[in-house]
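# Geometric and topological summary
So you can see what is in the structure, the chains are spelled out below.
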Amino acid sequence: MAKNAWPSADKRSLIGKRISRLDGPVKSTGRAKYAYDISRPGMIYARLLWAPYGSAKVVSIDTSAATQIKGVVGAWPEMKDGDEVRFAGQVVASLAATSEEIAHEALKSIKVVYEVQTPQMNDVLLEKAETKEQRDEIPDAATVDKTFNEAEVKIEGHYGAAAITHCCMEAHGQVAEYRDNAMYIWPSTQNVSAYAAGLADAAGMPASQIHVDCQYMGGGFGSKFDSDQWGAICTRIAKETGKPVKLMLERDHELMAAGARPSAFANVRAGASKDGRITVWDSTAWGSGGMGGSRALGVPYIFGNIPNIRRVSRSVRTNRGSQRPWRAPGHPQSCLVTMAALEDLAAAAGVDSLEFFLKNLDYTERPDVYREELRIAADLIGYKDKAHPRGDSTPGPLKRGLGISLHTWGGAGHKSESTVTINPDGSASVNIGTQDLGSGTRTVVGIVVAETLGLPLENVQVNIGRNEYPASGASGGSTTVGGVSTSTRDAATAALNALFEKVAPALGVGADQLEAWQGSIHVVGDASKSMPWVKACSLLGQIPVTGKGSKPASDGTQLDNSGVGGVQMADVTVDIETGRVTINEFVAVQDCGLIVDLKTAESQVYGAMIMGVTYALYEESIYDPVTGRMLNADMEFYKLAGLADVGTLKVHMMTGPGYDERGVIGLGEPPVISPGAAISNAVANACGVRVPTIPLTPNRVLAALEQGGKLA
Amino acid sequence: MNAFEYAQPATLDEAQALLTSASGPVAVLAGGTDLLTAMKQGIVNPARVVSLKSIEELRGIEVSSDAVRIGAMTTLSELAAHPDVARLYPCLVTAIKGIGSPQIANMGTVGGDLCQHPRCWYYRNGFGLFGMNNGASLVLEGDNRYHAIFGNDGPAKFVNVSSLAPGLIALDATFNVRGADKQMRDIPAADFFKTPSAPEESLTSLAAGEVLTHITIPAAQTRNATYEVRERHGLDWPLVTASVAYTDAGGSAQNVRVVLGHVAPTPWVVDAAAKTLEGKAIDEAAAAACGTSAVADAKPLSMNGYKVQLAKVAVKRALLAAAG
Amino acid sequence: METQPSVMMFPCKHIRAKEMYYQADEREGDAFASGVYWCTCTHQTFGPDGEPVDRSECRPGRGCYRG
C-alpha cells in the first residue's frame, strides 16, 4: 500500500528539485489565454463610468444620449438619484457596445449631475482625521509609563507607510456568455471554486449552472477574491442581451477601485537596557483603507513577548477606494513600524543591529529558526565586513548601509478536494478546482501526482481553473500549496492503491508490499519483482481508476503545517545630496517546510523582493485633496520597480532536516513582509537619520536629512 | 479618442497645406509617443492628424565643419548613436539615455521631444493645462511635488519635460522653422519655448501651419554634460535635469551656459549663475557655488522644495561631469 | 485573543472576508486573518448605509442587516 506521508529525502525524484513551471512555454509565447484574451463570437464590450469625485451626491444620471450612438447595445445607471459617491472611481453607470473603442467613447455621452462635497482625504494627521476607535490594549498603563521613563535607552519616533494599490498586471474583469440556459464565465480570479456563487443573482440562475474557467492569471495579490460589482454587471448584461460580454477594467479604474493596501502610521515609544535588551513598547497607530477604515496594526511585530506593551489603534476613514487584502494583510506595515523602531532603539543604545535582534529573539515565537536564518543572511550579505554604526562616515555624498528585518506567517493549507485518474494506457490526470495566480500551483500539483505515481512530470495532465473540478479553496493567505498538495497526494495515493490491487496478484504479493518508483511498480525490498508502469496499467482492463483526495487527508495524515520565519537584509547606498536610494544587494532567507518545487519557491521570493523594493522605494497612491481623485492612476507616476532598480537579489531557502519533515507550508505572503523594514533600516544605517515613512523617495529622504542636520 | 482624419504626406508642402486647410484642430504626428497618449486621454482632440513620417527631408543628420544639422524627424536613438553627436554633444546623449526606454527612444523624434505636452497630472486628468477647478488652482492646493520651482508666478505651474531642450539651449542651437508661406526662419533654442498665460496659448513660438524642420548646433568643440535626478533608475521622468556647456580656454571656462530642465514651464536658463564661472577653472567649489547661485531665485510650491536642492546638485554635478 | 461568539452567531448574510473562501473556521483574532470585510451589496468595505463593514458592525439592529 502506498502511504500518504511524504517520501523521505532518498525517495524523492521530483519534490524539492528545481523544476521549471509547466506553463512557462505557453506564457512566454503568448499562447496562454488570459481573461482579456478570450474572444467569443458576436462578443460585445462593456465599460464602466466612474465618479470623478471623492464625495458627492448623484443628482441625476441620463443614459439616453449614449444609447442613441451607433454601435451602443445598451447603457444602464448603476446608482440611483440621491445616492452617495464615497470615493472617486465608484461605478455610476455601465455601457456595452460592439467595439471597445465605441464603448469607451460612448461613456462620455452619459450625463451625470453631481452635487459635489468635500472629501475626507487626510490619513496622515491623526488629530485632523475622521477616526473610529479600535480596541486598545493597555494591560498596565502605569507600568508601561514607569518602565519607559526609567529605561536606560529610549526612543520616540514616527513611522509609516503610504497607501498603495495592488496594480495587477492583468486588470480585474471577465468575459460572460449565456447560452443553452447556462452561464459561461472566464474571469481573472483567485477564487475559481466559489466565484459562481457571487454571480447567481446577476445571472438569475443557481451557481450550479454557472461555469467558471480561469486557466491563467496576471496577478491578484489578494484583490481578486470577490466576483465584484463589475463581474455582476458583465454577467447581467450577458443575460439581458444574450451576447457574450467582455468587461475588463481600464488601468486608471483598476488602480483607483480594484485594489488598495491601507496606509499605516504610528507614534512609538520604546525602551531598552543599555546593552540592548528591550523593556517596553508603547504605540499609537492609525491608518486608512478607505471608507471602511482599516484594521489595527499588529505591533510590536514578531517581538510580541516584550514584557510591557501598550497598543492604541485608530481606524481612519477616507474617501478612497476600499482596501482589499494585500499580500500578507497588515504585516508589511506592522513589520516596518516595529523593525524601524527597534533598529532606532539599537542605534540609540549603540548596539550593533544584528547583535540587538539576536539578543531579543526570545521575545519571538521561533527564536531558533530566526537565529539560524540571521546567521545565513549575515554570511550571504557579508555583514561582518560591511556593518558599521549608524551613519556611514565615509567622505562624499554616497553613504552605504545595512538593514535587517524579520517576519512570520502561518501558511497552513486550505480546504481542498482533488481527483487523480489513472488510465489503462498508463496516462494520468488530476482534476482540482484551484487556480494558478502565476505562483506555480499548476506545476506543484503535477509534481505531487508524478512523484506519487513514480512518473515523469510530463506524463501527468494537470486540470485546474474550472469550477466543475473538485472544489478547492481560494488562493489567499498562502494556503494554496498546503491545501492542493495534500488533497492531490491523498487522491494520487488512493488511485495508486487501486492500481496496486490489480497488480499485486500478477506479481504474487499483497498490495501492501508494492511501491511505484521511477516508471515501474515493484515489490518493496525485491527489485527483481517489478512491472513497468504501462504494463501495470493495462491490467485495469478498459476502466480507468480514480482516486479521491482531500485536505484534510482522508486518513488524517498531516501533510502541511503552519508557521514560518524569514529574515531579510538589505545593502543600500544613499546619495545624501539627492536623497536617491540604490539597492546594492538584497538577501532573503526563508523557511516554508517541505518545498515541492524549489524553483517556483525561489521565484516566489524573488517576486516578493521586487514587489518589496517597489513599495519601499517608489510606490504610492497619490490623491488630490480637493477633488479626491487619484492623481497617479497610471503606470507612469504609479511607479513600479524595474530591473535597473532591484540590485542583486539573493535567495536562500531553508531545507533539509528540521524543515522538510514539517510538511508543506505556504510561501506567498512571508517574503513580501520584510522588504520595507529592511530597506528603511539600511537607509537609516547609511545616512544616519531615520526616514520616517515609505516609500523612500528623494523628497522624503532629503526632508529627513534636513531635519536631522545631515543634508549635504 | 475621437474619430479623426489621418494624412501621411510625402512632402513638406503637402503637409503644411494639410495643416492650414483643416476646418478643425490639427495635430502633427511625429513618433507618437506623446500624441497618441494625449489623444487617448482626451486632452488633445484633433479633427485631422498629419503624420510627418514619410517626409524624407526631415530625417537624418548632416555634419559640416561649422555645424551639425539634425532633421526634426530623426529618432532619439539615431541621434544618440551618431558618432559626431556622441563626440561633440555628450549632454544630448546622456539626456536620451536618461529616458530609460529603448522603445521610446526608437519611436520618439527630436522634434516630438521638443514639442511635448506637459505631464502635469492635473492636466492629464482632465483639469486643463493649468489644473483649475472652480477657478482655483488644484496645483497650488493639491499635490505639486513634481511641479515648477521657477517661472511659476502665472497660472502655468507645470514643467517642460523635453529631454533635449536644456542641452540644445546650452549648446546655442538654432531651431529651423518653415512657415506656411514656405519661408524658413531661425529661432534661437531658448526663444522657442513659451510660458502660456492662458490655456489656449501655445507652448512654443511656432505659428499656425509652421513646422519645425531642423535643429542646427554649432560644431565648435565645447565641454558639455547633462546630469539628471530620477526617482527610479529605469524608465522614469527626471525630477530635475541640468545641462551645461562651456568652452575650455586653457583650463578656464568661457561662454558658460547652464540650463535646468523639469523645473519650470520652459527650460530654465540660469545665465547669472553661469556668469559666475566665466574665466574660472571648473572645480568642486566653483561648481557648487554655481549650483547655489542657480537656485537663488527658486520659488518652490508647498510640496516641491526638495527640487531646489536637486537643481543645485544637478548643476554642480553636470559642471563637474563636463569638466571631466 | 478573545472571540466574540455573540457576533459570530448572527452574521449578516452579505458580509464576506477572504478567509471564508478557504478556511473551515474563520476565527476572530487569527494573527494571519486579513481583518478586511466587504459587503456583497456594495462590493466595498462599507455597507449600503456608507458605514464600515465589520463583524462587530454588521449585526442585528443595523438598517441594512439581513439575517
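Residues numbered from 1 in each chain as written. Chains lettered and ligands numbered in written order. Predicted model: local features only at pLDDT ≥ 70, side-chain atom pairs only at ≥ 80, totals over all residues.

### Points about the packing of helix α18 (residues 698-707) of chain A against helix α14 (residues 306-323) of chain B
α14(B) packs onto α18(A) with a crossing angle of 90° between their chain directions and a minimal axis gap of 9 Å. Here α18(A) is positioned roughly perpendicular relative to α14(B), judged by the angle of their axes. Contact residues: P698(A), N699(A), L702(A) and A703(A) in α18(A); Y306(B), Q309(B) and L310(B) in α14(B). When the residues that make up the contact of α18(A) with α14(B) are grouped by side-chain class, the tally is five nonpolar, two polar and no charged. (Axes fitted to C-alpha atoms, helices over the stretch in contact; angles between N-to-C directions. Helix = DSSP H or I, 4+ residues; strand = E, 2+ residues; numbered from the N terminus. Parallel < 35°, antiparallel > 145°, perpendicular 65-115°, else oblique. Contact = placed C-beta atoms within 7 Å. Nonpolar A, V, L, I, M, F, W, Y, C, P; charged D, E, K, R; others polar.)

### Things to note about the environment of Q254(B)
All names here are of chain B. In this structure, Q254 sits in strand β13 (residues 252-261). Residue classification places Q254 among the partly exposed positions, given that 14 C-beta atoms sit within 10 Å. The spatial distance from the C-alpha of Q254 to the C-alpha of E278 is 5.3 Å, given a sequence separation of 24 residues. Those residues in contact with Q254 that sit more than four places away from it in its chain are Y246, T247, A249, E278 and G279. (Buried ≥ 20, exposed ≤ 12 C-beta atoms within 10 Å, placed from the backbone.)

### Considering the nonpolar core
By size, the foremost hydrophobic cluster in this structure holds 344 residues, and its most contacted members are L95(A), V337(A), L345(A), V683(A), V258(B) and A311(B). Of the residues forming this core, the biggest block, 12 residues, is contributed by helix α9 (residues 331-349) of chain A. Leaving out residues up to four positions away in the same chain, L345(A) has contacts with V153(A), I155(A), A270(A), A272(A) and I278(A). (Core = buried A, V, L, I, M, F, W, Y, C linked by C-beta atoms within 7 Å.)

### Considering the sheet that holds strand β8 (residues 174-178) of chain B
Residues and elements named next belong to chain B. Read across the open sheet, the five strands follow the order β4-β5-β10-β8-β9; overall the sheet is antiparallel. Strand pairing shows two members of the sheet lacking a second neighbour, β4 (61-63) and β9 (184-188), which therefore form its edges. The average undirected angle you get between the axes of adjacent strands in this sheet is 25°. The pairing of β4 with strand β5 (residues 67-71) spans three bridges and is antiparallel. Bridge pairing in β5 links V63 to V68. (Pairing = 2+ DSSP bridges.)

### A word on the interface of chain A and chain C
Counting residues at the interface gives 31 residues for chain A and 20 residues for chain C. For the side of chain A that touches chain C, the class distribution of residues is seven nonpolar, 17 polar and seven charged.

### Description of unusual backbone geometry
Residues and elements named next belong to chain A. With an omega dihedral of -5°, the bond running from V299 to P300 counts as a cis peptide bond. Examined against the element boundaries, P300 turns out to sit in the loop between β14 (278-288) and β15 (308-317). Each neighbour pair has its own omega, and for I694 with P695 the value is 5°, a cis peptide bond. Residue D228 is not a glycine yet carries a positive backbone phi of 70°. Considering the arrangement of structural elements, one finds D228 in helix α7 (residues 228-241).

### Digging into the interface of chain B and chain A
At the interface, 20 residues of chain B touch 24 residues of chain A. Put simply, the parts of the chain that give the side of chain B that touches chain A at least two residues each are α8 (121-127), α9 (138-141) and α14 of chain B. Class assignment for the residues of the side of chain B that touches chain A results in eight nonpolar, six polar and six charged.

### What to know about helix α13 (residues 441-453) of chain A
In this model, α13(A) (13 residues) spans 19 Å end to end at C-alpha, consistent with the 18 Å of a helix rising 1.5 Å per residue. With 13 of 13 residues buried, α13(A) lies mostly within the body of the structure. (Expected span 1.5 Å × (residues − 1).)

### Here we look at the domain arrangement of chain B
Residues and elements named next belong to chain B. Here chain B is partitioned into domain 1 (1-58) and domain 2 (59-115 + 159-323). Between domain 1 and domain 2, the C-alpha centre-to-centre distance is 26 Å. Between domain 1 and domain 2, the residue contacts involve 15 residues of the former and 17 residues of the latter. (Domains from an automatic or database assignment.)

### Quick look at the environment of I376(A)
All names here are of chain A. Assignment of secondary structure puts I376 in helix α11 (residues 367-381). Along the backbone, I376 and D37 are 339 residues apart, and their C-alpha atoms lie at a distance of 44 Å. For I376, the contacting residues outside a window of four places in its chain are V589 and H652.

### Considerations on the packing of helix α16 (residues 598-617) of chain A against helix α17 (residues 675-687) of chain A
All names here are of chain A. Their axes nearest at 8 Å, the elements α16 and α17 cross at an angle of 55°. In terms of orientation, α16 lies oblique with respect to α17. Viewed along their axes, α16 and α17 form a crossing whose handedness is right-handed. Contacts from M609, G612, V613, Y615, A616 and L617 of α16 reach α17 at P675, G676, I679 and S680. (Left-handed = near helix turned anticlockwise from the far one by under 90°.)

### A few points about the domain arrangement of chain A
Residue and element names in this part refer to chain A. The assigned domain composition of chain A is domain 1 (9-32 + 413-551), domain 2 (35-118 + 172-248) and domain 3 (328-411 + 562-707). The C-alpha-based centres of domain 2 and domain 3 are spaced at 39 Å. With seven residues of domain 2 in contact, the opposing surface of domain 3 contributes five residues. Split into classes, the residues belonging to the side of domain 2 that touches domain 3 amount to four nonpolar, three polar and no charged.

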